[in-house]
Structures are given as structure tokens and as C-alpha cells.
Amino acid sequence: MRESRGPAAGETLRICLITREYPALGAHGGIGTYTRNLAAGLAARGHDVNVVARAEGPREAFEEAGGVHIEPVPAAERWRLPAGNRYVGLTLRTLPFARAAAARYQALAREAPFDVVEVPEYQGWGLGVARAARCPVVVRLHTHTGLVRRLNDAWPDLDAGLCYMLEAASIARGDLVLANSQALASIAADDFRDVVDPARLGVLPLGVDTDRFAPGDEGWLRAELGLAPETPLVLYVGRLERRKGVETLVEAFGRVHERHPGAVLALAGFSTDTGPEGRSLLAVLRERAAALGALEQVRFLGHVPYDLLPRYYAGCDLFVAPSLFEPFGMIYLEAMACGRVAIGCDAGGVPEIIQRGRTGQLVPPGDAGALARTMGELLENPAARRRIGQAAREDVLARFSLPVVGARTEAHYRAAIAARARGHILPEDLAVAQT
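Residues numbered from 1 in each chain as written. Predicted model: local features only at pLDDT ≥ 70, side-chain atom pairs only at ≥ 80, totals over all residues. Heavy atoms only, no water.

Bringing the overall build of the protein chain into the picture now. Looking only at helices and strands, the protein chain has 16 helices and 14 strands in total. In terms of overall size, the protein chain behaves like a compact globule, its C-alpha atoms giving a radius of gyration of 22 Å where 435 residues would be expected to give roughly 22 Å. Structurally, the protein chain occupies a C-alpha span of about 70 × 50 × 40 Å along its principal axes. Taking all 435 residues of the protein chain together, 59% fall into the buried category. Put simply, 69% of the contacts in the protein chain that link residues at least 6 apart link residues at least 24 apart. Summed over all atoms, the accessible surface of the protein chain reaches about 17,500 Å², with 52% contributed by carbon and sulfur. Averaging the coordinates of the 49 positive side-chain charges in the protein chain and doing the same for the 51 negative ones gives two points 2 Å apart. (Helix = DSSP H or I, 4+ residues; strand = E, 2+ residues; numbered from the N terminus. Rg over C-alpha atoms; globule rule 2.2 N^0.38 Å. Buried < 20%, exposed > 50% of the residue type's maximum accessible area, 1.4 Å probe, protein only. Contact = heavy atoms within 4.5 Å. Areas by Shrake-Rupley, 256 points an atom, 1.4 Å probe, with all protein chains shown as cover. Lys, Arg positive; Asp, Glu negative; His and termini not counted. Charge placed at Lys NZ, Arg CZ, Asp CG, Glu CD.)

See the structure below:
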């Protein structure tokens, strides 16, 4: 069978990608965006790419632009147990999709065998497929549940423990395990030490669509918000979540507001209940902004449609996302691809994206004073913003564009195929793929 010998170098690969969320099916999230970008990059290289993703209700399979084949999977939001969802809600939400995705994958594989399948570790979304697959399995590490809970100061519970078991079981099935940054690889190697074989663990950054995210109309966002053209504008995109550092951002903006009273901070993203004592973080941020006398200058925009994000990035002076820890951070790439200055924290995978002073700026996590100083200096220096923004765009094109990442992903897939055929992976397999 082709699955056992593997395709020769240069031959077209038949690839299956698994995700519970996908933009074309109305579900936006980091994993969905990553999968869409990856599918486009691989299809552009001539490969046969199939995406199995959750859909709201029954839907017919369809071809997305670029020749990517989408296989929607109707799956219940969660199974119901009497009084159980309160304690194991994440797990009950995952299992129906994992089961339905495995069934769809097996049906597709019977039509024509796959050369490789990629599944996310997150909450065990791809566990059913990883168990069913007869071809090489690549497991992508995003941000596992235990890490998310630690960063949000949430106590371990039964649900998190069950998710850990699903994630560990997924990782154990991988012929190759890929982290999106060295920082995440190090944490995963420790958190999943019983199932992560260092020989099977590689690092492969994510890619961004540099055609979609590109410099654009710098006046649209201010007009949309009813601001004067000269208004200094700072933008944040992401969930309003404690681990994202938005409390630090509001605190820092309060200090910037004292020196630049006309400046505006726009927060784009839905709220979460990660505030003190489980409160809505949106409510916490409103209270803090009011106490700083800056509430009128902070705009809470809620969820922004994915297709509008390039306009938001292009219209800001600074993009700021001071996450306490970000394993990678697609939002920085998107902002940088639009020619904006991105400010992140010197933690996690962000320093692997932003080069301090050249393609963006880094500050210590949780340091509102340092963040305020950095924001203020850049708001007062348009020439520096233009220089850094241009360098950021050029760096993204060179290191993180879809053609670049697509080629590197293909190399890793071929390493996994070779490892399956041989029975184990060799250091030189990953060394070749990393170049």
C-alpha cells in the first residue's frame, strides 16, 4: 500500500487536517485560522488537502478557494449527563466531535488512502482520528488545557484532568509532534514527559496569509470609530482573558492617557469569566479604566469578524498584546504583516517572532510601567513606527509567509512518512525538515 512505502520526494501528498473550528464554517479561533492558512499553503504546492471540521448541523462537502476540500462534520455541542456538564463540560464538548471526525476520516480514507494526517492536541479534538489512522500521524501542539488554566490562575479540576488524558493520548499516537515555538516545546516536554519522546518533537512556526494581511487603508478604522484622523490609536485583538495581559494593558494605557489625553485604546474580542472570583473580565476592565479616568478613551468593540481584521490592524498606530505567556501568537504576525508595530512580552514564543527594536518591541510581562513607556515613546515617534512597521512586514514575508511555512511543513510531513516506513524517526529527519 502507498501508506506503508510512502510517496517519493516531489510526489503529491494526500493530506487530511482535523480541526473543530474553521472560518469557512463560521467558527473562528486560533486553531481554525492556522488550519485554513496551512491548507492554503499546502494546496498551493500542489497537494491534495482535505479538512475535516465541525459544522453547525448537516452540510455538504465543498471546495474552498484554492482547491482545499472541506468535509463538514455535524456533531452535538456536547453530550448530556445529569448534573455532569458543570464538572466535565469541556470533555463532553470534545468527545462527540472526536468520534464524528474519526468516522468521516475513515470514510475518506476508504475512498483513497491518505499519506499523512495532522491533528491538534488541544482537548483531544483529533484523538479519534489519531487512533483510526493507518497513515503517519502528525500532532500539532497549540496550547494545552493545563497550560491555559495555569496562566489564568485556575485550579486544576476533574475536567482539566480528563482533557489532559485526551491530549496525552493524542500526543502518544503521533509519529511526529510539532510545537509552534521552542518555548511551547519545552513546556510540553515537561508537562507530557511520560508520552513525549524528544526524538519525535520538532519546532515549526505558524504561517500567515500575507496577501490577506497587508498594509491598507489607515483611515478606515478611525472613521468607523468616529475618531478624528489624527487621533493616536492603540489596538488589541484577542479574548479579554486574564492570561492575555489585558489588565496590564488598561493599566498602562491609563498612564499613557495622562500624557496623551486624546489617545484611544480599542479592545477587540469577546470577554471571559477569568476576572477575580470568576467575574467577567470586561466588567473588571471597565471599572479599572473608570478609576484611571480613561473610560471614555477605551473602546470595547466585542468580537470582530475575521474578514475585517486586516482593516483593524492597518488602521492603528500601535498593536499591543501583552500576554503573560503566548506559545506563539498569530495576532503579532497579522499585525506585522499589515506593517504595524507590534508590542508583546518578552516571554513564551513571542521573542521568537518579534525582534526587539527592529521588527517590534518587547516588555517584561505584567509590567505596566514599562509598557506605558514603550507605548508613549512610539506614539511620539512616527518615523520609528514607519521604520519598524516596514521591517516587520519584510520579516514576516521572509520567515512566516504561507509559501515558506508550506514548504517547511511538507518537509516535516515527509519526515513523518519516512519515520513510519522505517519504524522510528532519526535526528537527521528533523534536521533536514528544520532547514
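Structure shown, so let's carry the discussion forward.
It is worth spelling out the sheet that holds strand β11 (residues 298-302) at this point. What the six strands build is an open sheet, ordered β11-β10-β9-β12-β13-β14; its pairing is parallel. Each of the sheet's edge strands pairs with one partner strand only, and the pair in question is β11 and β14 (361-363). For this sheet the average axis-to-axis angle between neighbouring strands, irrespective of direction, equals 25 degrees. Of the pairings in the sheet, the one linking strand β12 (residues 318-320) to strand β13 (residues 341-345) comprises three bridges and is parallel in character. Each bridged residue has a counterpart across the sheet, and for Phe-319 the counterpart in β13 is Ala-342. Along the sheet, helix α12 (residues 330-337) contacts β9 (233-237), β12 and β13; its crossing angle with β13, the most-contacted strand, is approximately 160 degrees. (Pairing = 2+ DSSP bridges. Axes fitted to C-alpha atoms, helices over the stretch in contact; angles between N-to-C directions.)

Moving on to the packing of aromatic side chains. Here the structure, examined in full by the defined rule, presents nine aromatic pairs. Between Tyr-122 and Trp-125 the ring centres are 5.3 Å apart and the planes differ by 80 degrees, which places this aromatic pair in the edge-to-face class. Relative to Phe-192, the ring of Tyr-164 lies with its centre 5.0 Å away and its plane at 5 degrees, an arrangement referred to as stacked. With Tyr-164 in helix α6 (residues 158-172) and Phe-192 in the loop between α7 (182-191) and β8 (201-203), the pair connects residues that are 28 residues apart, well separated along the chain. With a relative accessible area of 33%, Tyr-164 lands in the partly exposed category. Across the ring face of Phe-114, the terminal group of Arg-14 is positioned such that the distance to the ring centre comes to 4.1 Å. (Phe/Tyr/Trp six-rings, centres within 6.5 Å; stacked < 30°, edge-to-face > 60°. Lys NZ or Arg CZ within 6 Å of the ring centre and 35° of its normal.)

For the rest of this paragraph, the subject is the packing of α12 against helix α14 (residues 382-399). Contact geometry for α12 and α14: axes closest at 7 Å, N-to-C directions at 115 degrees. For the crossing formed where α12 meets α14, the hand is left-handed. For the pair formed by α12 and α14, the contact residues are Leu-333, Met-336 and Ala-337 on the first element and Gly-389, Ala-392, Arg-393 and Val-396 on the second. Residues that form the contact of α12 with α14 fall into these classes: five nonpolar, one polar and one charged. (Left-handed = near helix turned anticlockwise from the far one by under 90°. Nonpolar A, V, L, I, M, F, W, Y, C, P; charged D, E, K, R; others polar.)

Glancing now at the environment of Leu-295. By the secondary structure assignment, Leu-295 is in the loop between α10 (281-291) and β11. Along the chain, Leu-295 and Leu-285 lie 10 residues apart, while their C-alpha atoms are 9.2 Å from each other. Beyond its immediate stretch of four places on either side in the chain, Leu-295 contacts Arg-286, Ala-289, Ala-290 and Phe-300.

Below, the discussion takes up the pairing of strand β7 (residues 176-179). By the alternation rule, side chains of β7 split into Leu-176 and Leu-178 and Val-177 and Ala-179, which are all buried. Relative to β7, strand β6 (residues 137-141) runs parallel, the two being bridged by four bridges. Looking across to β7, one finds that Val-138 is bridged to Leu-176. The pairing of β7 with β8 spans three bridges and is classified as parallel. Bridge pairing links Ala-179 to Val-203 in β8. Taking the sense of rotation as the criterion, the β-α-β connection linking β7, α7 and β8 turns out right-handed. (Right-handed = clockwise from strand over helix to strand, strands pointing away.)

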